[in-house]
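Descriptive structure summary
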Amino acid sequence: MGKETNSANNNKTSASQAGVDKLNAVRNLLFGEIDEEYRSEFEDLKQSMESNFQQKEKEGEQQRKEILDRIDQLEQKIESKLDATVNDLNGKLEALTQGKVDRSQMSKILLELARSLEG
């Protein structure tokens with residue numbers, strides 16, 4: 001009797017498995033196309049996001065490089081202007097030390113220096 005029970009259970013198991021397989025087949029027929037569309041759209045979206053991320057990363061790096069280049073140019077201009085101002089000041093101070101120091105002449109030179117620093 002044990003063999004008959006086992007055989008009956010195996011028949012029920014294989015019948016239920018066949019039912020599950022049929023149910024899966026029907027589900028795939030009904031929803032398989034929709035599932036495939038969602039997967040495809042999701043993959044397209046994922047690729048688009050990766051592409052946009054890479055593009056923005058490149059743009060950010062390019063902007064960073066441009067900013068650093070502009071900072072370097074500005075630094076060079078400031079150094080050049082400062083050097084010219086220091087040289088001008090040294091020349092005027094040299095002229096003052098060689099001759100008699102005149103307060104009115106010194107005030108004019110300092111005013112000119114102040115104006116050049118403002119402008």
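Relevant structure appears above.
Described in the following lines is the structure provided in the data block. Remember, it's a predicted structure, so these values are computed and weren't measured experimentally.

This part covers the overall build of the protein. Along the protein, the regular secondary structure elements total 2 helices and 0 strands. The 119 residues of the protein split such that 4% are buried. As presented, the protein carries roughly 11100 Å² of accessible surface, and 54% of it is formed by carbon and sulfur atoms.

Attention now goes to the side chain of Lys-92. Tracing the backbone shows Lys-92 in helix α1 (residues 2-98). Of the polar contacts made by the side chain of Lys-92, one reaches the side chain of Glu-112; its length is 3.1 Å. The contact partners of Lys-92, leaving out residues within four places of it in the chain, are Ile-109 and Glu-112.

The next subject is empty space enclosed by the protein. On inspection of all chains with the given rule, the structure shows 1 cavity of 30 Å³ or more. Lining the largest cavity are Asp-88, Leu-89, Lys-92, Ile-109, Glu-112, Leu-113 and Ser-116. Listed by contribution, the elements that provide at least two residues to the lining of the largest cavity are α1 and α2 (103-118). Residue contributions to the lining of the largest cavity peak at 4 residues, all from α2. Residue composition of the lining of the largest cavity, by class: 3 nonpolar, 1 polar and 3 charged.

Cut-offs and rules
- Residues numbered from 1 in each chain as written.
- Predicted model: local features only at pLDDT ≥ 70, side-chain atom pairs only at ≥ 80, totals over all residues.
- Heavy atoms only, no water.
- Helix = DSSP H or I, 4+ residues; strand = E, 2+ residues; numbered from the N terminus.
- Buried < 20%, exposed > 50% of the residue type's maximum accessible area, 1.4 Å probe, protein only.
- Areas by Shrake-Rupley, 256 points an atom, 1.4 Å probe, with all protein chains shown as cover.
- Polar contact = N/O pair within 3.5 Å; in protein donor to acceptor, adjacent residues only side chain to side chain.
- Contact = heavy atoms within 4.5 Å.
- 1 Å grid on protein atoms, 1.4 Å probe; cavity = no way out; pocket = protein on both sides within 12 Å on 5 of 7 lines; lining within 4 Å.
- Points joined across faces, edges and corners; volume = space filled by probe spheres on them.
- Nonpolar A, V, L, I, M, F, W, Y, C, P; charged D, E, K, R; others polar.

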